Amino acid sequence: MTMRDTDRALVQAATAVAKLRCRGENHTVAAAARSADGRVFTAVNVYHFTGGPCAELVAVGAAATQGVGELETIVAVGDRGRGVIPPCGRCRQVLRDYYPSIRVIVGPMDALRVVPVGDLLPETYVWADHQIDAATPAPAPRSGAQG
C-alpha cells in the first residue's frame, strides 16, 4: 500500500515521542496509532523484566480510554534513532484480533510501506473464531455438586 501524508505524519508523531520520552531502559519504543476519525494516540512501551506491555499495546489502551472503537493505522519507532520497527508477534496477534483491518507501517525509513496486519501474520489463529457463543447458555450445574 502507498504511504499517505497522514501515514508520514504518524511516523513523525511516533518519532517525536521516541526522541522526547524514550530515554533509558524503561521506555525504548514509541508508537502512534490513528483512529478512523483521525485522532492520533501516542504511547511508549513499559519495559519490565516480567514482560511489560509494548508501545503498540499501550497505544491501543490509550485509544480505548478515549472511547475509540476502531484504529486505522499504527507504527512503532525505536529509541536512539533506530527508526520504524515492526510489531512483535504478540502485538501482531492482538492487533489482528482487535482490529483485523488495521494498517501497519513497516520498513526502513527510506522505503516505508503500509501493510495490512494480516500480511504480517498469515494463516493466523483467529481468537474470535474460538470464543464461546454468547447466545449459548452455560451448562447447568450437575445435581449434587458441591461448591
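If you're wondering where the values come from, they're calculated on a predicted model, not measured in any experiment.

(A) Geometry of the overall build of the protein chain. Looking only at helices and strands, one finds four helices and six strands in the protein chain. The order of helices and strands in the protein chain, counted from the N terminus, is α-β-β-α-β-β-α-β-β-α. For the protein chain, the share of sequence-separated contacts (at least 6 apart) that also reach a separation of at least 24 residues comes to 58%. As displayed, the protein chain offers around 8,900 Å² of accessible surface, 55% of which is attributable to carbon and sulfur atoms.

(B) Looking closely at helix 1 (residues 5–21). Its 17 residues place the ends of helix 1 24 Å apart at the C-alpha level, agreeing with the 24 Å of an ideal helix rising 1.5 Å per residue. Here helix 1 has its buried residues at Asp7, Leu10, Val11, Ala14, Thr15, Val17 and Ala18. Angular distribution of buried residues about the axis of helix 1 spans 160°; they occupy a single face of the element. Set apart from the buried face of helix 1 by more than 90 degrees, the exposed residues are Asp5, Gln12 and Lys19.

(C) Here's a closer look at the environment of Tyr99. Note on placement: Tyr99 falls in the loop between helix 3 (89–98) and strand 5 (103–106). Residue Tyr99 is classed as buried on the basis of its relative accessible area of 4%. When the C-alpha positions of Tyr99 and Thr73 are compared, they lie 9.6 Å apart, and in sequence the two are 26 residues distant. Discounting chain neighbours no more than four positions away, the residues touching Tyr99 are Val60, Gly69, Glu70, Leu71, Val94 and Val117.

(D) The nonpolar core, seen in detail. Grouped together as the largest cluster of nonpolar side chains are 22 residues, with contacts concentrated most on Leu71, Ile74, Leu95, Tyr99, Ile102 and Val104. Contributing elements (two or more residues each) for this core: strand 1 (29–35), strand 2 (40–44), helix 2 (55–65), strand 3 (71–78), strand 5 and helix 4 (117–120). Per element, the largest residue contribution to this core is four residues, and it comes from helix 2. Not counting chain neighbours up to four residues away, the residues in contact with Ile74 comprise Leu10, Ala32, Ala33, Glu56, Leu95, Ile102, Arg103, Val104 and Ile105. Judged by nonpolar contacts, the second largest core, of 16 residues, contains Leu10, Ala14, Val44 and Leu112.

Cut-offs applied
Residues numbered from 1 in each chain as written. Predicted model: local features only at pLDDT ≥ 70, side-chain atom pairs only at ≥ 80, totals over all residues. Heavy atoms only, no water. Helix = DSSP H or I, 4+ residues; strand = E, 2+ residues; numbered from the N terminus. Contact = heavy atoms within 4.5 Å. Areas by Shrake-Rupley, 256 points an atom, 1.4 Å probe, with all protein chains shown as cover. Expected span 1.5 Å × (residues − 1). Buried < 20%, exposed > 50% of the residue type's maximum accessible area, 1.4 Å probe, protein only. Arc of directions from axis to C-beta. Core = buried A, V, L, I, M, F, W, Y, C linked by side-chain atoms within 4.5 Å.

Such coordinate-based values are descriptive only and should not be taken to indicate function.
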